[in-house]
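Structural characterization, general
Given next are the chains, with one letter for each unit.
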Amino acid sequence: MTVCLKIHPILTGVVNTETDVIAARQRARQIAALSGFSVQDQARIGTAVSEIARNAYNYARRGRVRFSIDETDGCAFVIEIEDSGPGIDKAERFHARDASSAQGRGGLHAAARLMDRCEITTGATGTHVLLRKSLPGPLPMKPLAMADAVTRLSLPNNVALCEAHQQNRELTDALAALQERQDELVVMSRCLETTNTQVQALNHQLNEKADALQDADRQKNEFLSILSHELRGPLSAAGMAAHLLKNRLATVEQTSAIGDLITRQIRHMERLVEDLLDVSRVGQGLLSIVKTQVDMHDVVTAAIEQITPAALRKHHVITFAPARDRCLVDGDRTRLIQIVCNLVSNAIRYTPDGGRIDVAVGLREGRVFATVTDNGIGIPAALMPRLFDLYVQAKPASERQHGGLGLGLALVRSLMELHGGQVRAASPGEGQGSMFELTFPRLRQDAGP
């Protein structure tokens, strides 16, 4: 019966001198290289063999090292180092990784960490150490061919000097690898810092979005409250007037006054609905204008005529300072009148009874401007940055003493943008009045009359 052995001896050497220890290390690296191990693993295997071979020399003064390939249970590189020394006291504690039991043989622990497997058999007649390292892949050559190749690989004459050079190269390579790893860590650290900065910026944006959503929700609730109040007033007045007319409780003169009241309330609600429709059109990009050549003097005159009854009810004085020259702009006359009406209505709403409102039109630096100035309640500095946002009013909605939906100035800004113009506001502070200015690109005056 033929037994197929799967443990193939490669080389056997003695460890009787310090030079033999160095030679064992070099042979271990040579066989590891032929077995397909990486340069790093070659250095690890050489270091493990060197540590245990040095122990054998230090404590027994002679020993033997055998290299073989084991194909019994997966391919592995096996090194056996034995000596006839006094053995290792308390060797069982070595397997528990207790360095205090090594009696100066701390190299055993270092070797065990570098290999996949480390077995120690020790006694009064000597110590046997088996090291095992699994091959990284299929064996590059047959074990017999490997043994023949190793015998042809000679060792240098000056083994110690060659080993010093080899260790120096390994140290240099290790330092280079560490430097490369350090560079990678630096790059990774910078990437992490960048990512952290981006995450912080994203968190800041998310917080701003959350605040904006909360503010929008609050403004929506306030707007609905304002809208219900603005509609309830004229509806109640119209309902009461209709009740008086239905029951014929009014005289002829009162009937005429009630008719005027109903007309005013209906017009008020029409303006509210029209503002809501305009805001909806702006939001959907459906608001369009038809531009023609328009004189801003005529626009302001028409707007003041429309708004004068409201000013008279509060005993306001409206003055108009026209320009000396024609102030032609390219715009939609109806929408331009709406813009000026909104500004003047705003001034009337926020100016106490008996106030003054000054309107002016003129030319400045090749542009047409129109200003509406009042001596009303003014604008707080904190409100100025969002004055032209939707639903924003100069006073809290709870006070409701000035009315309106807070849509007028937002519509003014949107309509001015459609005309290629700008609107700005200024106020010295609360109680000191305010000023709104419209500016448009000026059209050259035509040659006609």
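Predicted, not measured: the structure shown is a model, and the values here were computed from it.

Quick look at the packing of aromatic side chains now. Tallying each qualifying case throughout the model produces 3 aromatic pairs. For the pair F388 and F436, a centre-to-centre distance of 6.3 Å together with 85° between the ring planes defines the contact as edge-to-face. Separated by 48 residues along the polypeptide, F388 in the loop between β10 (367–374) and α9 (408–418) and F436 in strand β12 (residues 434–441) bring together distant segments of the chain. The class of F388 is buried, set by a relative accessible area of 12%. For F436, a relative accessible area of 4% translates into the label buried. The structure contains a cluster of three or more aromatic residues connected by ring pairs, namely F37, F67 and F77. Looking at R61, its charged tip hangs above the ring of Y57, at a distance of 4.7 Å from the centre.

The bulk of non-glycine residues show a negative phi, and the bulk of peptide bonds are trans. Of note in the backbone geometry, R61 takes a positive phi value of approximately 65° without being a glycine. The backbone of E365 sits at a positive phi, close to 50°, despite the residue not being glycine. Relative to the helices and strands, E365 is located in the loop between β9 (356–364) and β10. Residue E365 is classed as exposed on the basis of its relative accessible area of 77%.

Now for the UniProt feature "coiled-coil region" (unreviewed entry) in the chain. What UniProt calls "coiled-coil region" (unreviewed entry) maps, in this numbering, to residues 192–222. In this annotation, residues 192–222 is assigned 100% helix and 0% strand; the end-to-end C-alpha distance for the span is 44 Å.

The geometry of helix α8 (residues 333–349) relative to α9 is characterised by a closest axis approach of 9 Å and an angle of 150° between their N-to-C directions. Accordingly, the angle class assigned to the pair α8 and α9 is roughly antiparallel. In the packing of α8 onto α9, the handedness of the crossing is left-handed. Seen from α8, the contacting residues are R335, Q338, I339, N342, L343 and N346; seen from α9, they are G408, L409, L411, V412, L415 and M416. Along the lines of polarity and charge, the residues of the contact of α8 with α9 split into 7 nonpolar, 4 polar and 1 charged.

Criteria and thresholds
Residues numbered from 1 in each chain as written. Predicted model: local features only at pLDDT ≥ 70, side-chain atom pairs only at ≥ 80, totals over all residues. Heavy atoms only, no water. Phe/Tyr/Trp six-rings, centres within 6.5 Å; stacked < 30°, edge-to-face > 60°. Helix = DSSP H or I, 4+ residues; strand = E, 2+ residues; numbered from the N terminus. Buried < 20%, exposed > 50% of the residue type's maximum accessible area, 1.4 Å probe, protein only. Lys NZ or Arg CZ within 6 Å of the ring centre and 35° of its normal. UniProt positions renumbered as here; feature names shortened; annotations may be inferred. Axes fitted to C-alpha atoms, helices over the stretch in contact; angles between N-to-C directions. Parallel < 35°, antiparallel > 145°, perpendicular 65-115°, else oblique. Left-handed = near helix turned anticlockwise from the far one by under 90°. Contact = heavy atoms within 4.5 Å. Nonpolar A, V, L, I, M, F, W, Y, C, P; charged D, E, K, R; others polar.

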